[in-house]
Amino acid sequence: MLNNKSKLPFLILSFLIVVISVNPITISFLPKNPLVLMASHYALYFAGILAGASLLRLNKAFVIPAVVPPIIFHFPFFFVQSGINLAWTFTDYSTMVVGGVLLGAALRSAGKLIKSSLFVLYMVGDTTLAILLVLGFPVYSPPSVIFSPYSVSQFYDVSYFMFGVMNLILFVVLGYTLRKLLN
């Protein structure tokens, strides 16, 4: 377990990520640019993971409720609502952080099968969504979500961003796994 001095940088980083993601400037961009919303999802969930891994140790069963917020808030209706309605934004952002905390706190007790399953499901889910966005399917735009202020073309950047984040996470996981195998 981490000692108190080694926890502090992770907690400070987690706090800074939340402050950067949740402020009047970034929130003002949500109805205009879906990339800001998607980036905030990644950032807030990661901030929660850092805090949860630093502060808590929970049973592996908490992995299940931990993955619910990112799944729910990537359904088109909820994603768009979060981008245009502050009450939904607050719900989205707070559940992303809580979900991240739960995941970070439960990862230590989760076995290799659970960890690898989560990783594979994340990669399959995000890759599928990113491909749909690159191909121009109106997943989050009219006519699929009639009240959406977002155009199909706005999601090209979102898909490229998602591919970038996925590759970064893949690189970290492969590097970590290779280091473990070599030791």
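Here's what I pulled together on the structure shown here.

So, how was this worked out
- Residues numbered from 1 in each chain as written.
- Predicted model: local features only at pLDDT ≥ 70, side-chain atom pairs only at ≥ 80, totals over all residues.
- Heavy atoms only, no water.
- Helix = DSSP H or I, 4+ residues; strand = E, 2+ residues; numbered from the N terminus.
- Rg over C-alpha atoms; globule rule 2.2 N^0.38 Å.
- Buried < 20%, exposed > 50% of the residue type's maximum accessible area, 1.4 Å probe, protein only.
- Areas by Shrake-Rupley, 256 points an atom, 1.4 Å probe, with all protein chains shown as cover.
- Phe/Tyr/Trp six-rings, centres within 6.5 Å; stacked < 30°, edge-to-face > 60°.
- Axes fitted to C-alpha atoms, helices over the stretch in contact; angles between N-to-C directions.
- Parallel < 35°, antiparallel > 145°, perpendicular 65-115°, else oblique.
- Contact = heavy atoms within 4.5 Å.
- Patch = residues over 30% accessible without salt bridge, like charges linked within 9 Å, V, L, I, M, F, W, Y side chains within 5 Å.
- Salt bridge = Lys/Arg side-chain N within 4 Å of Asp/Glu carboxyl O.
- Lys, Arg positive; Asp, Glu negative; His and termini not counted.
- Charge placed at Lys NZ, Arg CZ, Asp CG, Glu CD.
- Expected span 1.5 Å × (residues − 1).
- Core = buried A, V, L, I, M, F, W, Y, C linked by side-chain atoms within 4.5 Å.

**Observations regarding the overall build of the protein chain**
Alright, step 1. On a plain count of helices and strands, the protein chain comes out with eight helices and zero strands.
Alright, step 2. When the helices and strands of the protein chain are placed in sequence order, the string is α-α-α-α-α-α-α-α.
Alright, step 3. In terms of C-alpha radius of gyration, the protein chain reaches 17 Å, essentially the compact-globule figure of 16 Å for 183 residues.
Alright, step 4. Dimensions of the protein chain, computed from C-alpha atoms along their principal axes, come out at roughly 50 × 35 × 25 Å.
Alright, step 5. Per-residue burial over the protein chain gives 32% buried out of 183 residues.
Alright, step 6. Accessible surface, the protein chain as shown: approximately 10400 Å² in total, 77% of it carbon and sulfur.

**What about the packing of aromatic side chains?**
Alright, step 1. Under the defined criterion, the tally for this structure stands at ten aromatic pairs.
Alright, step 2. Between Phe-78 and Trp-88 the ring centres are 5.4 Å apart and the planes differ by 45°, which places this aromatic pair in the tilted class. One end of the pair, Phe-78, is in helix H5 (residues 76–84); the other, Trp-88, is in helix H6 (residues 86–106), with ten residues separating them in the sequence.
Alright, step 3. Ring centres of Phe-79 and Phe-155 lie 6.3 Å apart, and the angle between their planes is 50°; this geometry places the pair in the tilted category. Of this pair, Phe-79 sits in helix H5 while Phe-155 sits in helix H8 (residues 154–182); the two residues are 76 residues apart in sequence, bridging distant segments of the chain.
Alright, step 4. In textbook terms, an aromatic cluster arises when at least three aromatic residues are bridged by ring pairs, as seen for Phe-73, Phe-77, Phe-78, Trp-88 and Phe-147.

**Brief notes about the packing of helix H3 (residues 34–55) against H5**
Alright, step 1. Following both chains from N to C, one finds H3 and H5 inclined at 105°, their axes separated by 10 Å at the closest point. One element, H3, and the other, H5, form an angle in the roughly perpendicular class. On H5, the residues that touch Pro-34, Leu-37, Met-38 and His-41 of H3 are Phe-79, Ser-82 and Gly-83.

**Description of a positive patch on the surface**
Alright, step 1. Taken together, the side chains of Lys-112, Lys-115, Arg-179 and Lys-180 define a basic patch exposed on the protein surface.
Alright, step 2. Broken down by secondary-structure element, the contributors of at least two residues to the positive patch are helix H7 (112–134) and H8.
Alright, step 3. One can find Lys-115 in helix H7.
Alright, step 4. Taking the relative accessible area as the measure of exposure, Lys-115 reaches 39% and is therefore partly exposed.

**Considerations on H7**
The periodicity of an α-helix, 3.6 residues per turn, causes residues three or four positions apart to be oriented the same way.
Alright, step 1. Along its 23 residues, H7 runs 32 Å from first to last C-alpha, staying within 8% of the 33 Å computed at 1.5 Å per residue.
Alright, step 2. Every buried residue belonging to H7 is among Met-123, Asp-126, Leu-129, Ala-130 and Leu-133, and all of these are buried.
Alright, step 3. On its buried face, H7 sits against H3 and H8.
Alright, step 4. Gly-136 sits one or two residues past H7 and shows a positive phi near 85°.

**As for H5**
Alright, step 1. Where H5 is concerned, the buried positions are Phe-79, Val-80, Gln-81, Ser-82 and Gly-83.
Alright, step 2. Of the surrounding elements, those touching the buried residues of H5 are H3, H6 and H8.

**Focus: the nonpolar core**
Alright, step 1. Within the largest apolar cluster, 30 residues are counted, with the highest numbers of intra-cluster contacts made by Met-38, Phe-79, Leu-129, Leu-133, Tyr-140, Phe-155 and Met-162.
Alright, step 2. The set of elements that each furnish at least two residues to this core consists of H3, helix H4 (63–72), H5, H6, H7 and H8.
Alright, step 3. Excluding its chain neighbours within four sequence positions, the residues that come into contact with Tyr-140 are His-74, Phe-75, Pro-76, Phe-79, Val-80, Leu-129, Leu-133, Val-145, Ser-148, Tyr-150 and Phe-155.

**Looking at the side chain of Thr-89**
Alright, step 1. Relative to the assigned elements, Thr-89 resides in helix H6.
Alright, step 2. Aside from chain neighbours lying at most four places away, what touches Thr-89 is Leu-30 and Ser-82.

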